Amino acid sequence: MLRQRRADHGYRQRRILEGPQQPEQVIDGRPVLAFCGNDYLGLAAHPAVVAAFKAGANRYGVGAGAAHLVNGHTRAHHRLEEALAAFTGRDRALLFSTGYMANLGVAQALLRRGDRVLQDRLNHASLIDAARISGARLQRYRHGDVDDLSRLLAQPAPQDTLVSTDGVFSMDGDIAPLAALADRSRQADAWFMVDDAHGLGVLGATGAGTLEALELDQTQVPLLMGTLGKALGTAGAFVAGSDDLIETLIQSARTYIYTTAMPAAVAEATLAALEVVHQEPERREYLHRLIRQFRTGAAELGLPLMDSTTPIQPLQVGHTLAATTLSEALLAQGLLVPAIRPPTVPPNTARLRVTLSAAHTPDQVDHLLTVLGRLYRSDS
Ligand SMILES: *Cc1c(COP(=O)(O)O)cnc(C)c1O
């Protein structure tokens, strides 16, 4: 397996980061300008968020020491759940330690053998693993294709159906046609779930995510999963929805019950991050200006942009070797942009996954464009 991975140019290796997640960083001992994190609002190292984290540790200590259902559920966790429910316009929210675990917990709690899960073909790996762990039958519809979903929904199903999709696709940056997907799911009496890991904090009038941007309420999207480790800059995740949904998860989601609660200080830091999101809408507006700057510049250079209006701005290169070569050439120029290769993305769609953050400056984005333009010309 390892030898094959190397031969396929698909070998995964870690780099060692010496400081906080921010555009200028030192990784593997060399200073780089990074365009690859998911810290879209630049909150991971924001002073107010760091201060809240420290204050949280002073008050609650570091480890939660127990699961939520034993005695690890602090006032900080509880306040954060209420704040997230209010932020997303849902009845209630429930914290999980990671988005991966939230997705697993939802599927395992709601589905059993004989049920089915219908998913977009480009959904995040955690949703696919969630379907597998649930024992339900997984079927995938073509990317963003509402009619293909309808075709699957029309097939007879003996028991329950869950339709789940990324809100913003993590490797493509495009937005799912959520209103239509919600409609079709409701008509077919299926559950509908949106994983908004990359929309939360970034999209919508108040930053509440893709559902806010598309004005979809809890009856249209009964299940919302959001992560805290991306735009909110901390760690963990939540599921939001009706009181019955949340109670069901508390009673039976194994990834909720059988794990230690996230540190209360993380909850305090996340509350501070939410406060920044509320108080500083200009961060979001600035990020969207950077996105437009990048797209305009890349289009002028003839770079292979994908159809994305989000901070995820991949350049689809095609062959794995071409993507890794470009990524290495960028690194030689001090720019960190990872090559994303199969099996993370479909065969022959290897890409450079550029991500932008409100922590970047317009000059940094221009610099990236200049170097990309130069490399791309010499390459093609
Ligand atoms: C990152 C991500 C997750 C997992 O969230 P973690 O908190 O990092 O475990 C789930 N879904 C999507 C779409 C993601 O991008």
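Because the structure is a prediction, the values reported are computed rather than measured.

Rules behind the numbers
- Residues numbered from 1 in each chain as written.
- Predicted model: local features only at pLDDT ≥ 70, side-chain atom pairs only at ≥ 80, totals over all residues.
- Heavy atoms only, no water.
- Axes fitted to C-alpha atoms, helices over the stretch in contact; angles between N-to-C directions.
- Helix = DSSP H or I, 4+ residues; strand = E, 2+ residues; numbered from the N terminus.
- Parallel < 35°, antiparallel > 145°, perpendicular 65-115°, else oblique.
- Contact = heavy atoms within 4.5 Å.
- Nonpolar A, V, L, I, M, F, W, Y, C, P; charged D, E, K, R; others polar.
- Pairing = 2+ DSSP bridges.
- Near = heavy atom within 4 Å.
- Polar contact = N/O pair within 3.5 Å; in protein donor to acceptor, adjacent residues only side chain to side chain.
- Areas by Shrake-Rupley, 256 points an atom, 1.4 Å probe, with all protein chains shown as cover.
- Domains from an automatic or database assignment.
- Buried area = accessible area lost by both parts, 1.4 Å probe.
- Salt bridge = Lys/Arg side-chain N within 4 Å of Asp/Glu carboxyl O.
- Buried < 20%, exposed > 50% of the residue type's maximum accessible area, 1.4 Å probe, protein only.

**Considerations on the packing of helix 12 (residues 264–279) against helix 13 (residues 281–300)**
When two helices pack together, their arrangement is given by the angle between the helix axes and by the axis-to-axis distance. Between helix 12 and helix 13, whose axes approach to 4 Å, the crossing angle comes to 75°. In terms of their interaxial angle, helix 12 and helix 13 are classed as roughly perpendicular. Each of V276, V277, H278 and Q279 in helix 12 lies in contact with helix 13, whose residues at this interface are P281, E282, R283 and R284. Of the residues in the contact of helix 12 with helix 13, the class split is three nonpolar, two polar and three charged.

**Thoughts on the sheet that holds strand 7 (residues 191–195)**
In space, the seven strands of this open sheet follow the order 3-9-8-7-6-4-5, with mixed pairing throughout. For this open sheet the edge positions go to strand 3 (92–96) and strand 5 (137–141), each flanked by a neighbour on one side alone. Between one strand and the next, the sheet's axes are offset by a mean angle of 20°, whatever the strand orientation. Where helix 5 (residues 99–110) meets the sheet, its contacts fall on strand 3, strand 7, strand 8 (223–227) and strand 9 (237–241), and the angle it forms with strand 8 comes to roughly 160°. Helix 6 (residues 125–134) rests against strand 4 (116–120), strand 5, strand 6 (161–166) and strand 7 of the sheet, and its axis sits at about 170° to strand 4.

**Section: the sheet that holds strand 11 (residues 335–336)**
Sheet strands pair by backbone hydrogen bonding; their relative direction is either parallel or antiparallel. Strands sit in the order 1-2-11 across an open sheet of three strands; the sheet is mixed. In this open sheet, the two strands that pair with only one neighbour each are strand 1 (24–27) and strand 11. Where strand 1 meets strand 2 (residues 30–34), four bridges bridge the pair, whose relative direction is antiparallel. If you follow I27 over to strand 2, its bridge partner there is R30.

**Quick look at the site of the ligand**
Near the ligand you find 14 residues, and of these G99, Y100, D195, H198 and K230 are the closest. One of the side-chain N or O atoms of K230 is found 2.6 Å from an oxygen atom in the ligand. Computed on the free molecule, the ligand has an accessible area of 380 Å², of which 82% lies beneath the protein chains in the complex. Those elements that place two or more of their residues in the shell around the ligand are helix 5 and strand 8. A per-element tally of the shell around the ligand places helix 5 first, with three residues. Here the residues of the shell around the ligand sort into three nonpolar, eight polar and three charged.

**With respect to the domain arrangement of the protein**
Many structure descriptions define interface size as the accessible area lost when the parts assemble. If you check the domain split of the protein, you get domain 1 (2–34 + 280–379) and domain 2 (47–279). When each unit is reduced to the centre of its C-alpha atoms, the spacing between domain 1 and domain 2 is 27 Å. With 21 residues of domain 1 in contact, the opposing surface of domain 2 contributes 21 residues. Taking both partners together, domain 1 and domain 2 bury about 1400 Å²; carbon and sulfur atoms supply 58% of that area. Our count for the contact surface shared by domain 1 and domain 2 stands at one salt bridge. Across the domain 1-domain 2 interface, the total number found is eight residue pairs in polar contact (both at pLDDT 80 or more).

**A look at the pattern of salt bridges**
By the definition in use, this model includes nine salt bridges. Here R132 and D129 are joined by a salt bridge, their closest N and O atoms 3.5 Å apart. Highlighted residues: R132 and D129, both in helix 6, separated by three residues, approximately one helical turn. For D129, a relative accessible area of 25% translates into the label partly exposed. Between D148 and R151 there is a salt bridge, and its shortest N-O distance comes to 2.8 Å. Residue D148 and its partner R151 are both found in helix 7 (residues 146–154); the two are separated by three residues, about one turn of the helix. Within this structure, R92, D243 and E247 form a network of salt bridges that share partners.

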